[in-house]
Amino acid sequence: QVQLVESGGGLVQAGGSLRLSCAASGRTFSTYAMGWFRQAPGKEREFVAAISWSGSTTYYTDSVKGRFTISRDNAKNTVYLQMNSLKPEDTAVYYCAARNYYSGTRYSDEYDYWGQGTQVTVSS
């Protein structure tokens, strides 16, 4: 069992930055690929970024490439999402997810555990 707790969300102006963190319980964090997803009001949950269990491979949705960076610290059981040059369309609840496999994926149904989410609001 893995429990995930996100933090770091908030209100920021367009062009600003935020860093989200997702802390995982358990001693097997390094055997899980991790992903970040987001859900805006009235929209379906969408993939944002993923990272392999070693941290060597990362994936991003096209709309955040060059602005967002996913990383992980297996010693701290934590995955991060650094978000720069934020836009109003980035406003959403952001969720982290864990997949018991070496690589991440953009498909949400392939993740085994989910956090409760953290709100990110970008004002124009």
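Structure: above.
The text that follows walks through the structure, step by step, so that each part is easy to find. (Residues numbered from 1 in each chain as written. Predicted model: local features only at pLDDT ≥ 70, side-chain atom pairs only at ≥ 80, totals over all residues. Heavy atoms only, no water.)

## Concerning the state of the cysteines
- In this structure the tally under the stated criterion is 1 disulfide.
- Between Cys22 and Cys96 runs a disulfide, and the two sulfur atoms are separated by 1.9 Å. Every disulfide takes its handedness from the sign of the S-S torsion; for Cys22 and Cys96 that torsion is 50°, giving right-handed. Placement of the pair is Cys22 in strand β3 (residues 18–24) and Cys96 in strand β9 (residues 92–99), with a sequence separation of 74 residues. Residue Cys22 shares its accessibility class with Cys96, and that shared class is buried. (Disulfide = S-S within 2.5 Å. Helix = DSSP H or I, 4+ residues; strand = E, 2+ residues; numbered from the N terminus. Buried < 20%, exposed > 50% of the residue type's maximum accessible area, 1.4 Å probe, protein only.)

## A look at the nonpolar core
- Membership of the largest hydrophobic core comes to 28 residues, with the highest contact counts inside it found for Met34, Trp36, Leu81, Met83 and Tyr94.
- Breaking this core down by element, the ones donating at least two residues are β3, β4 (33–39), β5 (46–51), β7 (68–73), β8 (78–83), β9 and β11 (118–123).
- The residues touching Leu81, leaving out its near neighbours within four places in the chain, are Leu18, Arg19, Leu20, Trp36, Val48, Ala49, Phe68, Thr69, Ile70 and Tyr94.
- If you look at the next biggest cluster of nonpolar residues, it comprises 5 residues, including Phe37, Phe47, Ala97 and Tyr111. (Core = buried A, V, L, I, M, F, W, Y, C linked by side-chain atoms within 4.5 Å. Contact = heavy atoms within 4.5 Å.)

## Topic: the packing of aromatic side chains
- Considering all chains together, one arrives at 7 aromatic pairs under this definition.
- Ring geometry for Phe37 and Trp114: centres 5.0 Å apart, planes at 55°, overall tilted. Taken together, the residues span a long stretch of sequence, with Phe37 in strand β4 and Trp114 in strand β10 (residues 113–114) at a distance of 77 residues.
- Residue class for Phe37 comes out buried when judged on its relative accessible area of 1%. (Phe/Tyr/Trp six-rings, centres within 6.5 Å; stacked < 30°, edge-to-face > 60°.)

## A look at the sheet that holds β8
- Spatial strand order, β1-β3-β8-β7: 4 strands in an open sheet with antiparallel pairing. A single partner strand is all that each edge strand has here, and the edge strands are β1 (4–7) and β7. Here the average twist between neighbouring strands, direction ignored, is 15°.
- In terms of strand pairing, β3 meets β8 through 6 bridges, oriented antiparallel. Across the sheet, the residue bridging to Cys22 is Val79, located in β8. (Pairing = 2+ DSSP bridges. Axes fitted to C-alpha atoms, helices over the stretch in contact; angles between N-to-C directions.)

## Some remarks on the side chain of Arg72
- One can find Arg72 in strand β7.
- Within the local environment of Arg72, its side chain forms a polar contact with the backbone oxygen of Phe29, the two atoms lying 3.0 Å apart. (Polar contact = N/O pair within 3.5 Å; in protein donor to acceptor, adjacent residues only side chain to side chain.)

## Some remarks on the environment of Val5
- Mapping Val5 onto the fold places it in strand β1.
- It is 8.1 Å that separates the C-alpha atoms of Val5 and Cys96, two residues lying 91 residues apart in sequence.

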